[in-house]
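# Structural features, examined
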Amino acid sequence: MPQNVLIPTKSTPRRRSGGGVARRPTRTGASILTFNISVAAEPRAERILRWLRGRSDEVIVLSEISAGAGTELIRTGLADDGYATFGSVEGRERGVMIATRFPVARPLVLGAVTVPARAHGIVLDTSPRVAVLGVYVPSRDRSPEKVARKELFMTSLLDALDALPKKTRESLLLLGDYNAVARDHVPALPGFFPYEYDFHERLRDLALAPAHELRPYGPRQPHSWIGRTGLGYLYDYAHLGSNVGGRLESCRYLHGPRDRRLSDHAALAVRIGLDRDG
């Protein structure tokens, strides 16, 4: 499945008013959405595409995409609507797709991760520039093979993030399905391995903050996936570097698509203030 070739786009220089003084930029909010589509086949993919078209997101990060016809239907529909799309998978693997209406400056050069299709990034040609990295951490059962596969991916991803230039990490927006909760999750969920809890703590050590803590919208921790017993899990996240976190305007978990059975996950929408010439 081909993916778009990135062509750097030159930024338009800010025009100056009389006397050579630049006009002050104005800040406008940009909506960025992440949503696990749960390997959607064509009928459900059509419904997901209709839901996405009813929104006005500038950037969309879809996790758990596949090489099937449903993912391609969504990709083609978004392209018809003016999005450039990036990220693809082959065979039976799962991964992430990024769709953006913003011009793209360049790919996000990321160190090697064990499953490349599950971590894909671009740098938006915005002011300031924002590096968007979509991830889909492997799920697991209790089999040694799947436990090891997940741990190796999480470790390699953290190492790749640590190796990014500090300036890039400060401008990073990391989004997707982590398939792991934090150690202080409410309710407490003791059934995860130490490396899964550690993943969240390592992100904090890298100065990446979770959006739902930067802009809380209620007294309770949100959840994005509900188990068969009704227990809530927070699997889907947006983590922001300091330069992006200071521009975060809102963070909302959207359970409408989950209630409508578009997926078994809620979507997460964050709004980031970006500068434009006034």
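In what follows, the structure referred to is the one given above.
This next bit is on helix α2 (residues 69–80). Here α2 spans 16 Å end to end across 12 residues, near enough to the 16 Å set by a 1.5 Å rise per residue. Looking only at α2, the buried set comprises Gly70, Thr71, Ile74, Arg75, Gly77 and Leu78. Along the axis of α2, the buried residues cluster in a sector spanning 165 degrees; they form a single face. Next to the buried residues of α2 lie α1 (42–53), β2 (59–65), β3 (84–86) and β4 (95–100).

By size, the foremost hydrophobic cluster in this structure holds 54 residues, and its most contacted members are Val132, Leu133, Leu157, Leu161, Leu172 and Val270. Apart from residues no more than four positions distant in its own chain, Leu133 is found in contact with Leu108, Leu110, Ala119, His120, Gly121, Leu157, Leu161, Leu172, Leu173, Leu174 and Leu175. Ala45, Leu52, Ile60 and Ala267 belong to the second largest nonpolar core, which has 23 residues in total.

Reading across from one edge, β5-β6-β7-β8-β12-β9 is the order of the six strands in this open sheet, with mixed pairing throughout. At either end of the open sheet lies a strand with only one pairing partner, and these are β5 (104–107) and β9 (209–210). Where strand β8 (residues 172–177) meets strand β12 (residues 236–240), five bridges bridge the pair, whose relative direction is antiparallel. Note that in β12 the partner of Leu175 across the bridge is Ala238. Contacting β6 (119–124), β7 (130–136) and β8, helix α3 (residues 144–163) crosses the sheet at an angle of about 170 degrees to β7.

This part takes up unusual backbone geometry. The linkage connecting Ser127 with the following residue, Pro128, adopts the cis geometry, with an omega of -5 degrees. Its location among the elements puts Pro128 in the loop between β6 and β7. With an omega of 0 degrees, the peptide bond running from Val186 to Pro187 counts as cis. With respect to the helices and strands, the residue Pro187 is situated in the loop between β8 and α5 (194–205). Here Ser38, not a glycine, exhibits a phi torsion of approximately 55 degrees, which is positive. Within the secondary structure, Ser38 is located in the loop between β1 (26–36) and α1. Overall, the relative accessible area of 16% leaves Ser38 in the buried class.

Right, let's talk about the packing of α1 against α2 for a bit. Two measures define how a pair of helices packs: the angle their axes make with one another and the distance between the axes. Interhelical geometry of α1 versus α2 gives an angle of 25 degrees and a closest axis separation of 8 Å. It follows from the interaxial angle that α1 and α2 lie roughly parallel. Along this stretch, α1 crosses α2, giving a crossing that reads as right-handed. Residue-level contacts link Glu42, Ala45, Glu46, Ile48, Leu49, Leu52 and Arg53 of α1 to Ala69, Gly70, Leu73, Ile74, Gly77, Leu78 and Asp80 of α2.

The next subject is the pattern of salt bridges. Counted according to the given criterion, the structure contains 18 salt bridges. When the shortest N-O distance is used, the salt bridge between Arg27 and Asp275 registers 3.8 Å. Note that Arg27 is positioned in strand β1 and Asp275 in strand β14 (residues 267–276), a separation of 248 residues in sequence. Here Lys166 ties to Glu170 by a salt bridge, and the two come within 2.5 Å at their closest N and O atoms. One end of the pair, Lys166, and the other, Glu170, are both in helix α4 (residues 166–170), four residues apart, so they sit about a helical turn from each other. For Lys166, a relative accessible area of 56% corresponds to the exposed category. Using a relative accessible area of 21% as the deciding quantity, one classes Glu170 as partly exposed. Through salt bridges with shared partners, a single ionic network connects Arg27, Arg247 and Asp275.

A few words now on the packing of α3 against α5. For the pair α3 and α5, the least separation of the axes is 10 Å and the interaxial angle reads 10 degrees. If you check the angle between α3 and α5, you find them roughly parallel. Residues Val147, Lys150, Glu151, Met154, Leu157, Leu158, Asp159 and Leu161 of α3 lie in contact with α5, whose contacting residues are Tyr195, Glu196, Phe199, Arg202 and Leu203. Its residues placed into classes, the contact of α3 with α5 shows eight nonpolar, no polar and five charged.

Cut-offs applied
Residues numbered from 1 in each chain as written. Predicted model: local features only at pLDDT ≥ 70, side-chain atom pairs only at ≥ 80, totals over all residues. Heavy atoms only, no water. Helix = DSSP H or I, 4+ residues; strand = E, 2+ residues; numbered from the N terminus. Expected span 1.5 Å × (residues − 1). Buried < 20%, exposed > 50% of the residue type's maximum accessible area, 1.4 Å probe, protein only. Arc of directions from axis to C-beta. Contact = heavy atoms within 4.5 Å. Core = buried A, V, L, I, M, F, W, Y, C linked by side-chain atoms within 4.5 Å. Pairing = 2+ DSSP bridges. Axes fitted to C-alpha atoms, helices over the stretch in contact; angles between N-to-C directions. Parallel < 35°, antiparallel > 145°, perpendicular 65-115°, else oblique. Left-handed = near helix turned anticlockwise from the far one by under 90°. Salt bridge = Lys/Arg side-chain N within 4 Å of Asp/Glu carboxyl O. Nonpolar A, V, L, I, M, F, W, Y, C, P; charged D, E, K, R; others polar.

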